Structures are given as C-alpha cells and as structure tokens.
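# Working through the structure, step by step
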Amino acid sequence: ILQATKLAMLAAYCDLKNKYAILPEIILVDGNFSPFALQDKIQKIEPIIKGDQKSLSIAAASIMAKEFRDSLMLEIHHKYLQFGFNKHAGYGTKFHVEMIREFGICEFHRKSFETIKSMINADN
C-alpha cells in the first residue's frame, strides 16, 4: 500500500503541474515518510505523523479520500453484489473472506494481500 500511496502522490503532483499549471510550494504528507520521487521536484515536503489530527488540510484531504473510496466501493458493490463491498469498504472481514472462498476473486481484489495470495496459491 505504501508504494501505491507514493505513486498516487507523484501522479497528483504531476496532474497539478501538467493539467492545472499549479506548482505547490510545500507538500504535507500524513505519515513519517517523504515520497522520494517528489524530493527533486518540490522545495519542501513536510511529513507529519498523525497529520489528520494536526493539519486541517490533511484532515480535509482524508475525508475527501474516504468519501471517494466509499462511492467507489458502492459502484463495485453493484457490479459484484455477492462480496458486500458496500459494507466493508474493501477490508478483509470474515464475511468477505467467506465470499471470496465461495465465489473466487474479482478484478478489484488486491492479489498482493496475503489472504488473496494464499487462496490463489492453494488453487494452483
């Protein structure tokens, strides 16, 4: 997930720069890391541990990201009703794992997660 987060940050930065001609002076990061790919592109990157509790900007971005995730999970739910994506937002609940065992994985399951990996390996 961390690598995906870093790639998403780089993509967001590139969108700001290339699509909207916005060059931020500072990037606030919720966590204890600095996205390496951005270090040579931006003057100041400020990692903030528990940033959503300390920065209104990070808190707002967190809320927006969760709202987007929830709406995406609803869309996926309507395509794959059997998995209950509307109830667990992609987390591996007991129900969700049982449904994966019964129906197999779909295109949205993260094959890098241990639960999914072990199920795939067991089938091979």
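Our subject is the structure listed above.
Our subject in this report is the structure included herewith.

### Digging into the nonpolar core
Met 73, Ile 76, Tyr 80, Phe 83, Phe 85, Ala 89, Val 97, Met 99, Ile 100, Cys 106, Ile 116 and Met 119 together form the largest nonpolar core, which totals 12 residues. Of all the elements, helix H6 (residues 94-103) adds the most residues to this core, at 3 residues. Those residues in contact with Tyr 80, other than ones at most four positions away along the chain, are Phe 85, Cys 106, Glu 107 and Phe 108. Judged by nonpolar contacts, the second largest core, of 5 residues, contains Ile 27, Val 29, Phe 33 and Ile 45.

### Notes on helix H4 (residues 56-79)
Here H4 spans 35 Å end to end across 24 residues, near enough to the 34 Å set by a 1.5 Å rise per residue. Listing the buried residues of H4 in full gives Ile 58, Ala 59, Ser 62, Met 73, Ile 76 and His 77. Contacts made by the buried residues of H4 are with strand E1 (26-30), strand E2 (44-48), helix H3 (51-54) and helix H5 (85-88).

### Structural notes on the pairing of E1
What you see with E1 is a clean split: Ile 27 and Val 29 sit on the buried side and Ile 26, Leu 28 and Asp 30 on the side with no burial. As paired elements, E1 and E2 share 5 bridges and run parallel to each other. Following the sheet pairing, Leu 28 is matched in E2 by Glu 46.

Definitions and limits used
Residues numbered from 1 in each chain as written. Predicted model: local features only at pLDDT ≥ 70, side-chain atom pairs only at ≥ 80, totals over all residues. Heavy atoms only, no water. Core = buried A, V, L, I, M, F, W, Y, C linked by side-chain atoms within 4.5 Å. Buried < 20%, exposed > 50% of the residue type's maximum accessible area, 1.4 Å probe, protein only. Helix = DSSP H or I, 4+ residues; strand = E, 2+ residues; numbered from the N terminus. Contact = heavy atoms within 4.5 Å. Expected span 1.5 Å × (residues − 1). Pairing = 2+ DSSP bridges.

What is shown is where atoms sit, not what they do.
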